[in-house]
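Residues per chain, in single letters:
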Amino acid sequence: PVMSTSPKTPSGLAAALLCVALSLPVAGFAAPDAEIPAAADPGPDAWEYEGKARALAAAHASASGRMPVMTPEQAAIDVLHYALYLDVDVGQEALKGAVYVSFTPVQAGVRDLVLDFAAGMDVEEAGAVAATFAPLRWERDGDLLRVRLAAVPAQGDTLTVGVIFSGAPQPTGFFGFQFGTRPDGGPIAASLSEPWSARSWWPCKDYPADKATCDVVLVVPDGLTGVSNGVQLPAPPPNPYLPGAAALSPPGSPLAGRDAASRGLFCWREAQPVSTYHVSVAVSDYAVLQETYEGQQGDLPLVHYVYPDLVDEAAVDFERLGDMMAFCESKFGAYPFPGEKYGMALFEWDGAMEHP
């Protein structure tokens, strides 16, 4: 995982968050004698239990606070994999993207792929993806995107649909996707999509019960670093649900006509299925601190992306992480994501967020 964290977090709290993130699921943390809310009724104030109330609390409290209900079309599919390509324009504070959604019907008669996507973002094209990109009919329905499939697939078939999109994401929930400036004046762009804010910046089936593997390919301005989930790869990987196909780049996607001389390319693959709100992006001119932890299942990279002016302080804060990892493994067993990284990415938010 990468824990996105604010540099304002006291080092003692940061250390506690590091250890907790290894062993607990995404849930509110309570004192031993605190009353824990009933899981069956999240209620309009469920967001409070994350301890993140200061982040856009007023806006979030004014909404229902309840998870949106998926459509019958969404319930009829299982998303297997997302391949998300993003051109992150920190100057214009905008995104240009393409997402390839690989899914299988779990019910008969699926005619449309319905994705969650904020009405304020633009859809430029949608199409079926195989050996080529074949345009499909689509329409917007509030915060939904409906793509009409070329034919009704059979249960168990695997299809991939691509959506080309753009826009300036607006804050929602706790955070969404935001552009800003660090205290030292450098640029920062980052996501925090809890609890159902992934839809505010990319098209997806934005419900945590439907987990999927994901690739995230970031095109960023020269000199900046793009961080996401999983393992960094040297080039965009082929979609595992398009055997033999290279990473596709149809017209209009961020990779089409990319200026390699002025843009950086950062490619990430998360091979463990994760929820859409756990897909993380952080872009800045990071300094990278890295060491290796010799864990029960082999070496694990500990990688931290920090602001250049905070390198010395970050080195002190994170120097105990190896000991913390060893303690957690002694209590809970081997780290459950061997071969991936564990680390931190600083961003401007009053708290921290776990991203498996």
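Residues numbered from 1 in each chain as written. Predicted model: local features only at pLDDT ≥ 70, side-chain atom pairs only at ≥ 80, totals over all residues. Heavy atoms only, no water.

1. Points about the overall build of the chain
Per the secondary structure count, the chain includes five helices and 20 strands. In the chain, which comprises 356 residues, the proportion classed as buried is 49%. Considering only residue pairs separated by 6 or more positions, the chain has 76% of its internal contacts joining residues 24 or more positions apart. (Helix = DSSP H or I, 4+ residues; strand = E, 2+ residues; numbered from the N terminus. Buried < 20%, exposed > 50% of the residue type's maximum accessible area, 1.4 Å probe, protein only. Contact = heavy atoms within 4.5 Å.)

2. Overview of the packing of aromatic side chains
Under the counting rule described, the total for this entry stands at 13 aromatic pairs. Residues Phe 177 and Trp 201 carry aromatic rings whose centres are separated by 5.2 Å and whose planes lie at 50 degrees to one another, so their mutual orientation is tilted. Taken together, the positions of Phe 177 in strand 10 (residues 176–181) and Trp 201 in the loop between strand 11 (187–192) and strand 12 (212–221) put the pair 24 residues apart, joining distant regions of the chain. By the burial criterion, Phe 177 is buried, and Trp 201 matches it. (Phe/Tyr/Trp six-rings, centres within 6.5 Å; stacked < 30°, edge-to-face > 60°.)

3. Concerning the pairing of strand 18 (residues 298–306)
Strand direction decides the pairing type here: strand 17 (residues 287–295) and strand 18, joined by nine bridges, are antiparallel. Residue pairing in the sheet places Gly 295 in a bridge with Gly 298 of strand 18. Between strand 17 and the antiparallel strand that follows it, strand 18, lie two residues. Pairing geometry for strand 18 and strand 19 (residues 342–346), over four bridges, is parallel. The residue of strand 19 that forms the bridge with Val 303 is Gly 343. (Pairing = 2+ DSSP bridges.)

4. A closer look at the nonpolar core
Counting residues in each nonpolar core, the largest one holds 74 residues, and the members touching the most others are Tyr 82, Leu 86, Val 88, Leu 113 and Trp 202. Per-element tally for this core: the top contributor is strand 2 (residues 77–89), with six residues. With residues up to four places along the chain from it excluded, the contact list for Trp 202 reads Tyr 82, Leu 84, Val 99, Asp 116, Phe 117, Phe 165, Thr 276 and Val 279. Of all hydrophobic cores here, the second largest spans 13 residues; its members include Phe 133, Val 219, Ala 245 and Leu 255. (Core = buried A, V, L, I, M, F, W, Y, C linked by side-chain atoms within 4.5 Å.)

5. A look at the sheet that holds strand 16 (residues 281–284)
Spatially, four strands are ordered 10-11-16-13 in an open sheet, and the strand pairing comes out antiparallel. In this open sheet, the two strands that pair with only one neighbour each are strand 10 and strand 13 (225–228). For this sheet the average axis-to-axis angle between neighbouring strands, irrespective of direction, equals 15 degrees. For strand 10 and strand 11, the ladder comprises six bridges, and the chain directions are antiparallel. Residue pairing in the sheet places Gly 176 in a bridge with Leu 192 of strand 11. (Axes fitted to C-alpha atoms, helices over the stretch in contact; angles between N-to-C directions.)

6. Notes on the side chain of Ser 193
Along the polypeptide, Ser 193 turns up in the loop between strand 11 and strand 12. Overall, the relative accessible area of 0% leaves Ser 193 in the buried class. Separated by 2.9 Å, the side chains of Ser 193 and Trp 201 make a polar contact. Discounting residues that sit within four places of it in the chain, Ser 193 has contacts with Gly 176, Ala 198, Trp 201, Tyr 277 and Val 279. (Polar contact = N/O pair within 3.5 Å; in protein donor to acceptor, adjacent residues only side chain to side chain.)

7. Quick word on the sheet that holds strand 8 (residues 144–148)
As summarised here, the arrangement of the three strands in space is 4-8-7, forming an open sheet in which the pairing is antiparallel. Here the strands that pair on one side only, and so sit at the sheet edges, are strand 4 (112–116) and strand 7 (138–141). Across this sheet, the average inter-strand angle for adjacent strands is 20 degrees, counted without regard to direction. Note: strand 4 against strand 8, five bridges, orientation antiparallel. When the sheet's bridge partners are listed, Val 114 is paired in strand 8 with Arg 146.

8. Overview of the pattern of salt bridges
Inspection of the entire model under this criterion finds 10 salt bridges. Between Lys 96 and Glu 124 there is a salt bridge; the shortest N-O distance is 3.2 Å. Placement of Lys 96 in strand 3 (residues 94–105) and of Glu 124 in strand 5 (residues 122–129) is noted, with a sequence separation of 28 residues between them. Residue Lys 96 is classed as partly exposed on the basis of its relative accessible area of 30%. On the basis of relative accessible area, Glu 124 is assigned to the partly exposed category, the value being 39%. We note a salt bridge from Asp 141 to Arg 146, for which the minimum N-O separation is 3.4 Å. (Salt bridge = Lys/Arg side-chain N within 4 Å of Asp/Glu carboxyl O.)

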